[in-house]
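Working through the structure, step by step
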Amino acid sequence: MTTSFIIAIDGPAAAGKGTLSRLIAAHYGFHHLDTGLTYRAVAKALLDAGLPLDDETVAERTSLDIELAGLDRSVLAQHQIGEAASKIAVMPAVRRALVAAQRKFAARAPGTVLDGRDIGTVVCPDAPVKLYVTASPDVRARRRYDEIIGGGAAADFDAVFADVKKRDERDMGRADSPLKPADDAHLLDTSEMSIDAAFQAACELIDAALKKD
Ligand code: DC
């Protein structure tokens, strides 16, 4: 028997899926897990301990120790942690360990919202609602750039754009669980859509699925 209603949200970096996921979780009173933070936490633990980022056995051991309750977005948001996270995210042993923890989280009642790259395809393939949130690389780079400038730091748009493209290649090109929409995912392109409009569209899909549940 299903005790949890699962909403799976996937998409590339800076597409707006984090903001959307938080709004949805708050609206429905569901638990939210940004699964990117689990990969970031492993990367940070390795960096802090001076351990290599290319040793799968070491990275797996670290992944098995990650506590979901201790994930702190403000600490893990740093750029170099994201870069390191996308490197260890290609390792099957790391993914196995983190996916097991993510599935456990997904089972929490009354419902959960998980966002990442492989939620609808691998972590929760039976989720009754799957969203694939995307936007053009240019729009995503612009948002990331504005965020950095808004935070008072300096940034170069071309460098941010190159970075978004590099991250896409790594996320979409890896052999294990590459980023791609599940066959039954609803596509939400936020290139020319406000976050409010995306939220409304998502709520319509979720309300319809909840009625069927
Ligand atoms: O969404 P983010 O930038 O916090 O993710 C950091 C890295 O983690 C990203 O490059 C890809 C990886 N990731 C993943 O492989 N699978 C997920 N479900 C979430 C993130």
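Residues numbered from 1 in each chain as written. Predicted model: local features only at pLDDT ≥ 70, side-chain atom pairs only at ≥ 80, totals over all residues. Heavy atoms only, no water.

Let's talk about the overall build of the protein chain
The line we're drawing: Note on conventions: DSSP H or I runs of at least 4 residues are helices, E runs of at least 2 residues are strands, and numbering of each starts at the N terminus. We take the radius of gyration over the C-alpha atoms and set the globule estimate at 2.2 Å times the residue count to the 0.38 power. Exposure classes here rest on a 1.4 Å probe applied to the protein chains alone. A residue is buried below 20% of its type maximum, exposed above 50%, and partly exposed in between. Any pair of residues with heavy atoms lying within 4.5 Å of one another is described as a contacting pair. Here the Shrake-Rupley method, with its probe set to 1.4 Å, supplies the accessible areas, and only the displayed protein chains count as covering residues. In summary, the charge assignment counts Lys and Arg as positive and Asp and Glu as negative, without counting His or the chain termini. The atoms used to mark charge sites are NZ of Lys, CZ of Arg, CG of Asp and CD of Glu.
Scanning the protein chain for helices and strands turns up 10 helices and 5 strands. Over its C-alpha trace the protein chain gives a radius of gyration of 17 Å, about what one expects of a compact globule, namely 17 Å for 213 residues. Across its three principal axes, the protein chain shows a C-alpha extent of roughly 50 × 40 × 30 Å. Residues classed as buried in the protein chain amount to 46% of the 213 residues present. Contacts in the protein chain between residues at least 24 apart in sequence constitute 80% of all its contacts with a sequence separation of at least 6. Total accessible area on the protein chain is roughly 10500 Å²; 53% of this is exposed by carbon and sulfur atoms. Of the side-chain charges in the protein chain, 26 are positive and 32 negative, and the distance between the mean point of each set is 2 Å.

What about the site of the ligand?
The condition that has to hold: Consider each residue's heavy atoms; a residue with any of them within 4 Å of a molecule or strand counts as near. Here a polar contact means two N or O atoms within 3.5 Å. Within protein one must be a hydrogen donor candidate and the other an acceptor candidate, and residues neighboring in sequence count only if both atoms are side-chain atoms. Side-chain classes are defined by residue name, with Ala, Val, Leu, Ile, Met, Phe, Trp, Tyr, Cys and Pro counting as nonpolar, Asp, Glu, Lys and Arg as charged, and the others, Gly among them, as polar.
R40, S86, R95, R117 and D118 are the nearest of the 14 residues found near the ligand. Contact distances for the ligand include 2.9 Å between an oxygen atom and a side-chain N or O atom of R174. Burial of the ligand by the surrounding chains reaches 95%, relative to a free accessible area of 440 Å². Elements with a contribution of two residues or more to the shell around the ligand: α2 (36-48), α5 (79-88) and α9 (157-173). With 3 residues, the single largest contributor to the shell around the ligand is α2. Within the shell around the ligand, the residues separate by chemical class into 3 nonpolar, 4 polar and 7 charged.

Some points on helix α6 (residues 92-106)
Convention followed: The span you would expect from a helix comes to 1.5 Å times its residue count less one.
Over its 15 residues, α6 extends 20 Å from the first C-alpha to the last, a length consistent with the 21 Å expected when each residue adds 1.5 Å. Of the residues making up α6, those classed as buried are A93, V94, R95, A97, L98, V99, Q102, F105 and A106.

Here we look at the state of the cysteines
Filter applied, for reference: By convention in this document, the label disulfide applies to cysteine sulfur atom pairs within 2.5 Å.
One pass over the structure, following the stated rule, counts 0 disulfides. Here C124 is not cross-linked by a disulfide; its sulfur's nearest cysteine counterpart is in C203, at 19 Å. C124 gets classed as buried once you look at its relative accessible area, which sits at 6%. The exposure class assigned to C203 is buried, which follows from its relative accessible area of 6%.

Structural notes on the side chain of D115
Inclusion rule: A side-chain nitrogen of Lys or Arg and a carboxyl oxygen of Asp or Glu constitute a salt bridge if their distance falls within 4 Å.
Locating D115 in the fold gives a position in strand β3 (residues 111-116). No salt bridge is formed by the buried D115; the nearest opposite charge belongs to K17, separated by 4.8 Å. Among the polar contacts made by the side chain of D115, one reaches the side chain of H32 at a distance of 2.7 Å. In contact with D115, other than residues within four places in its own chain, are I9, K17, G18, S21, H32, L33, D34, T35 and G36.

Describing the sheet that holds strand β5 (residues 186-189)
Test applied: Strand pairing is assigned whenever DSSP detects at least two bridges linking the two strands. Only the stretch in contact is used when fitting a helix axis, every axis being a line fitted to C-alpha atoms; angles between N-to-C directions are given from 0 to 180 degrees.
Read from one edge of the open sheet, 5 strands run β2-β3-β1-β4-β5, paired in parallel fashion. The strands lining the two open edges of the sheet, one partner per strand, are β2 (31-34) and β5. Going across the sheet, the axis of each strand differs from the next one's by a mean of 20°, ignoring polarity. Of the strands in this sheet, β1 (5-10), β2 and β3 touch α6, which is tilted by about 150° from β3.

Function cannot be read off these values alone, since they describe shape.
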